[in-house]
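One-letter residues, chain by chain:
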Amino acid sequence: MATPFSISTFTPLAFIYLLFLSSSSVLSSVNNNITDLLSTHPDLSDFTSLLTTTAVAADLAALSSLTLLVVPNAYLPTAEYTPSSTNLADVLRYHVLLEYLSLSDLRRIPPAGKLVTTLFQTTGRAAANSGTVNITFDAATNAVTFHSPTSNATMLTLIKTLPYNISILSLNSLLIPYNLDLMASETRPPLGLNITKALIDGHDFNVAASMLAASGVVSEFEADEGGAGITLFVPTDEAFADLPASVRFQSLPADQKAVVLRFHVLHSYYPLGSLERIVNPVYPTLATEQNGATSFTVNISRVNGSVAIDTGVVQASVTQTVFDQNPVAIFGVSKVLLPREYFGRNPIELNKPGGGAVVTAQPPDIAFSPGNSPEASRLSSPPGGDMRSGAVGEGFGVLRIFVGWMCIALCYLLQLL
């Protein structure tokens, strides 16, 4: 006869299961938006604003482990360093270390120092290894110093730590990478490129040019020619013609169509050489900025010698350079980039009673790449840091379910004893 279920029998196993669930919740919580973490510190408001206006804050959503070096308002002459500087975004990326460093880690740095890779190194715009920072620790004074080839900064204090994913440290000045002049773009006249005309002159982008003009988003793109620049992946006319009949792209509501067009744009200038050398493949798009840091991202990599853009639904390749002059790059791509958020499994409802075709956005089934779901809090793999791909995240979820069922089974067996 089975003994009555007792609290003493259940509690240890239940506690283990609940502890496992809570640990996974803590893991998810480290995906906090960096700007949210900084928002409770008014003395960091200027630096936080620069992260947001240059779109570097969105770049951070693709990292699983990082140390962010921030500069308080009192040490940051914001009148000089404004978002109109093309190089400013890369300077900020230079303050993102692709490795989690706690205070104890910093105090164990050897006398010769420690070289750490920054997010700037992954852009392909850093000459040689100029995207690295050398960190030294003086045991006599407990001073931690960060060295670039052209500047030094001393750590002021630890702002925030979320072991072992996010560490935020404050410095007493900005670090400037080698051969990068913050003020260089201040005197450069704006490019003023007419993107629609550039596409028409390309002779194979008439559909895209027409859609951009009709949607009005082209004016947004042209406004983004300043600052960190802009990179457009524009489908050829043939790419639009090759869309399957089941993909009613033209039937999307105007607001969703505009989101898809923004999905074809990166909020930074990336010449072809930079795209070919990309290390960290997950990139936010202009659509990411309006819909959440983990949504509407693309994976960029080299496949068979070409630059490939993978959305999780389609994989397109860069077929030609339409225009490339800092701060604007326009590339022709072989396919229309379809985001999973709108074009996952069965996203289009046809022949709805009482009307014509209706397009509805359905949630995707399984993420092919990290961070594609607006609800997700997954982070992707940075070079030089802890790596968690979408597959690892899914494996973690399966493991959690498995452990949960094992705990329930053990509880049941103990009742029978």
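Everything numeric in this text was worked out from a predicted model, so none of it was measured.

Asks: Teacher, can you tell me more about the sheet that holds strand β11 (residues 297–303) here?
Replies: To summarise the sheet geometry, strands pair through backbone hydrogen bonds and adopt either a parallel or an antiparallel arrangement. Here seven strands make up an open sheet; going across it, the order is β9-β8-β14-β13-β12-β11-β10 and the pairing mixed. With one partner strand each, in any of the chains shown, β9 (265–266) and β10 (282–284) form the two edges of the open sheet. Examined bridge by bridge, β11 and strand β12 (residues 306–310) share five bridges and lie antiparallel to one another. From the neighbouring strand, Arg-302 faces β12, where its bridge partner is Val-307.

Asks: Which parts of the structure should I look at to understand the pattern of salt bridges?
Replies: Pairing of side chains with opposite charge becomes possible as their charged atoms draw close. One pass over the structure, following the stated rule, counts six salt bridges. For the salt bridge of Asp-105 with Arg-108, the shortest nitrogen-to-oxygen distance reads 2.6 Å. Owing to a relative accessible area of 23%, Asp-105 belongs among the partly exposed residues under this scheme. Classification of Arg-108 as exposed rests on a relative accessible area of 58%. Here Arg-262 and Glu-220 are joined by a salt bridge, their closest N and O atoms 2.7 Å apart. Separated by 42 residues along the polypeptide, Arg-262 in helix α11 (residues 254–262) and Glu-220 in helix α9 (residues 217–223) bring together distant segments of the chain. With relative accessibility at 27%, the residue Glu-220 sits in the partly exposed group. Where salt bridges share partners, they join Asp-59, Asp-90 and Arg-93 into one cluster.

Asks: What am I meant to see in the sheet that holds strand β7 (residues 166–171) here?
Replies: On the basis of which strands lie adjacent, the open sheet formed by seven strands has the order β2-β1-β7-β6-β5-β4-β3 and mixed pairing. Single-partner strands in this sheet number two, and they are β2 (96–97) and β3 (114–117). By the bridge criterion, four bridges tie β3 to strand β4 (residues 132–138) in an arrangement that is antiparallel. Paired with Thr-117 across the two strands is Thr-132, which belongs to β4.

Asks: Help me understand unusual backbone geometry in this model?
Replies: Peptide bonds are trans in most cases, and residues, glycine excluded, mostly fall at negative phi. Residue Tyr-164 follows Pro-163 across a cis peptide bond; omega there is -5°. Although it is not a glycine, His-203 adopts a positive phi angle of roughly 70°. Residue class for His-203 comes out exposed when judged on its relative accessible area of 67%. Positive phi values are uncommon outside glycine, yet Asn-304 reaches one of about 50°. Summarising the element assignment, Asn-304 is placed in the loop between β11 and β12.

Asks: I keep staring at α11 and nothing clicks. Help me out?
Replies: Since the α-helix advances by 3.6 residues per turn, residues separated by three or four positions end up pointing in the same direction. Among the nine residues in α11, seven count as buried, and that is most of the element. All buried positions along α11 are accounted for by Gln-256, Lys-257, Ala-258, Val-259, Val-260, Leu-261 and Arg-262. In this structure, the buried residues of α11 make contact with α8 (206–215), α9, β9, α13 (286–291) and α14 (340–343).

Asks: Sorry if this is basic, but what is going on with the pairing of β7 here?
Replies: As a general feature of sheets, a regular strand has side chains that alternate between the two faces. In terms of burial, β7 is largely enclosed, as six of its six residues are buried. Across five bridges, the pairing between strand β1 (residues 66–70) and β7 is parallel. Residue Val-70 lies in a different strand from β7, and its bridge partner there is Ser-170. In terms of strand pairing, strand β6 (residues 152–162) meets β7 through six bridges, oriented antiparallel. Opposite Thr-161, over in β7, you have Ser-167 as the bridge partner.

Asks: Sorry, what's going on with the pairing of strand β5 (residues 143–147) here?
Replies: Note: β4 against β5, five bridges, orientation antiparallel. By the bridge assignment for β5, Phe-137 is matched with Val-144. Linkage of β4 to β5, two consecutive antiparallel strands, is achieved through a turn of four residues, within which Asn-142 is found at a positive phi near 60°. In terms of strand pairing, β5 meets β6 through three bridges, oriented antiparallel. Within the sheet, the bridge partner assigned to Phe-146 lies in β6 and is Ala-153. Hairpin geometry of β5 and β6 is characterised by an intervening segment of four residues between the two adjacent antiparallel strands.

Asks: Looking at this structure, I do not really get the confidence of the model for the protein. What am I missing?
Replies: Reading fine detail from the predicted coordinates is not recommended where pLDDT is low. Looking at the protein, pLDDT values average 74 and 67% of them are 70 or higher. The model gives residues 79–84 a pLDDT under 50, and that stretch makes 15 contacts with residues more than four places away or in other chains. Here residues 183–189 scores under 50 on pLDDT; set against residues more than four positions off or in separate chains, the count is 11 contacts.

Asks: I'm lost on the nonpolar core in this one. Help?
Replies: A general feature of soluble globular proteins is that nonpolar side chains tend to end up buried together. Formed by 54 residues in total, the largest nonpolar core has its most connected members in Phe-221, Phe-233, Phe-249, Ile-300 and Ile-330. Counting 29 residues, the second largest nonpolar core, distinct from the first, contains Leu-68, Val-71, Leu-88 and Ile-159.

Asks: What is the right way to read the environment of Thr-117 from this model?
Replies: Tracing the chain through its elements places Thr-117 in strand β3. When neighbours within four sequence positions are excluded, Thr-117 is seen to be in contact with Val-96, Leu-97, Leu-98, Gly-131 and Thr-132.

Asks: Sorry if this is basic, but what is going on with the environment of Pro-271 here?
Replies: Mapped onto the fold, Pro-271 is located in the loop between β9 and α12 (272–276). With 54 residues separating them along the chain, Pro-271 and Gln-325 place their C-alpha atoms 8.2 Å apart. If we skip the residues at most four places from it in the chain, Pro-271 touches Asp-324 and Phe-331.

Asks: So what exactly am I meant to see when it comes to helix α3 (residues 45–53) here?
Replies: Along α3, the residues that are buried comprise Phe-47, Thr-48, Leu-50 and Leu-51. Along α3, the residues classed as buried sweep out an arc of 160° about the axis, all on the same side. Along its buried surface, α3 packs onto α2 (34–38), α4 (56–59), β1 and α5 (88–93). Two residues or fewer past α3, Ala-55 is found with a positive phi of approximately 70°.

Cut-offs and rules
Residues numbered from 1 in each chain as written. Predicted model: local features only at pLDDT ≥ 70, side-chain atom pairs only at ≥ 80, totals over all residues. Heavy atoms only, no water. Pairing = 2+ DSSP bridges. Helix = DSSP H or I, 4+ residues; strand = E, 2+ residues; numbered from the N terminus. Salt bridge = Lys/Arg side-chain N within 4 Å of Asp/Glu carboxyl O. Buried < 20%, exposed > 50% of the residue type's maximum accessible area, 1.4 Å probe, protein only. Contact = heavy atoms within 4.5 Å. pLDDT = per-residue confidence, 0-100. Core = buried A, V, L, I, M, F, W, Y, C linked by side-chain atoms within 4.5 Å. Arc of directions from axis to C-beta.

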